[in-house]
Amino acid sequence: ASASVISSLMRERPGGQGEDGGAGGWSVVAYGQTCDGTVRDYRPIEAAIAPVQAKYANWRRRAPLVELTWLWNHTRAFPRASAERQNVVLPLLDLNPELFMHVVSFL
């Protein structure tokens, strides 16, 4: 192996470890993955860290719908789509939170 990914730096979720209930502190998570990446070919390193980064790609796909649902539930978003689209989107926004999270987990 030419390279080793030793650890990742991660910030705790808001409301987690922070004393004031705000953003938590930072932590180092051991990873210890070796790979054949070099300064000339970074692709093997990117492939090695892909599983660690996958949750961020999932969030980028889900975030707009989660944010829209929050706005809808706090009466800060209003329907403006055609009736055809409202029949799909509005029932999704009105699901109970647990069911909504399950549906969105497939995105």
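The rules behind these values
- Residues numbered from 1 in each chain as written.
- Predicted model: local features only at pLDDT ≥ 70, side-chain atom pairs only at ≥ 80, totals over all residues.
- Heavy atoms only, no water.
- Helix = DSSP H or I, 4+ residues; strand = E, 2+ residues; numbered from the N terminus.
- Buried < 20%, exposed > 50% of the residue type's maximum accessible area, 1.4 Å probe, protein only.
- Contact = heavy atoms within 4.5 Å.
- Areas by Shrake-Rupley, 256 points an atom, 1.4 Å probe, with all protein chains shown as cover.
- Core = buried A, V, L, I, M, F, W, Y, C linked by side-chain atoms within 4.5 Å.
- Salt bridge = Lys/Arg side-chain N within 4 Å of Asp/Glu carboxyl O.
- pLDDT = per-residue confidence, 0-100.
- Expected span 1.5 Å × (residues − 1).
- Bend = angle between axes of the 7 residues up to and from the residue.

## A look at the overall build of the protein
- From N to C terminus, the protein includes three helices and two strands.
- Looking at the 107 residues of the protein, the share that counts as buried comes to 17%.
- The contacts of the protein with a sequence gap of at least 6 include a subset with a gap of at least 24, amounting to 39%.
- Counting every atom, the protein has about 8500 Å² of accessible surface; 57% of that belongs to carbon and sulfur.

## A short note on the nonpolar core
- Counting residues in hydrophobic clusters, the biggest one holds seven residues: L65, W72, L90, L92, L93, F100 and V104.
- Only helix 1 (43-73), helix 2 (83-93) and helix 3 (97-104) provide two or more residues apiece to this core.
- Among the elements that make up this core, the one with the highest residue count is helix 2 (three residues).
- In this structure, L92 is in contact with L65, F100 and V103, ignoring residues within four places of it in sequence.
- Formed by five residues, the second largest nonpolar core is a distinct cluster that contains A3, V5, C35 and I45.

## Remarks on the pattern of salt bridges
- Counted by the stated rule, this structure contains one salt bridge.
- Across the salt bridge formed by D41 and R43, the nearest N and O atoms sit 2.9 Å from each other.

## Details of the environment of A3
- Examined against the element boundaries, A3 turns out to sit in strand 1 (residues 3-11).
- In this structure A3 comes out as buried when scored by relative accessible area, which is 17%.
- Residues A3 and T38 lie 35 residues apart in sequence; the distance between their C-alpha atoms is 6.5 Å.
- Setting aside residues up to four positions removed in sequence, A3 forms contacts with Q33, T34, C35, G37 and I45.

## Concerning the confidence of the model for the protein
- When the pLDDT values of the protein are averaged, the result is 82; 86% of them are 70 or greater.
- Element-level pLDDT for the protein is lowest in helix 2, with a mean of 75, against a maximum mean of 88 in strand 2 (residues 26-35).

## Some points on unusual backbone geometry
- For T75, which is not glycine, the phi dihedral falls at a positive 50 degrees.
- Here T75 lies in the loop between helix 1 and helix 2.
- T75 sits in the exposed class, given a relative accessible area of 59%.

## Thoughts on helix 1
- Compared with the 45 Å implied by 1.5 Å per residue over 31 residues, the 42 Å span of helix 1 between its first and last C-alpha is a close match.
- A maximum bend of about 65 degrees is found in helix 1 at P51.
- Taken together, the buried positions of helix 1 are I45, A48, A63, L65, T69 and W72.
- Note on helix 1: the residue one or two positions beyond its end, T75, has a positive phi of about 50 degrees.

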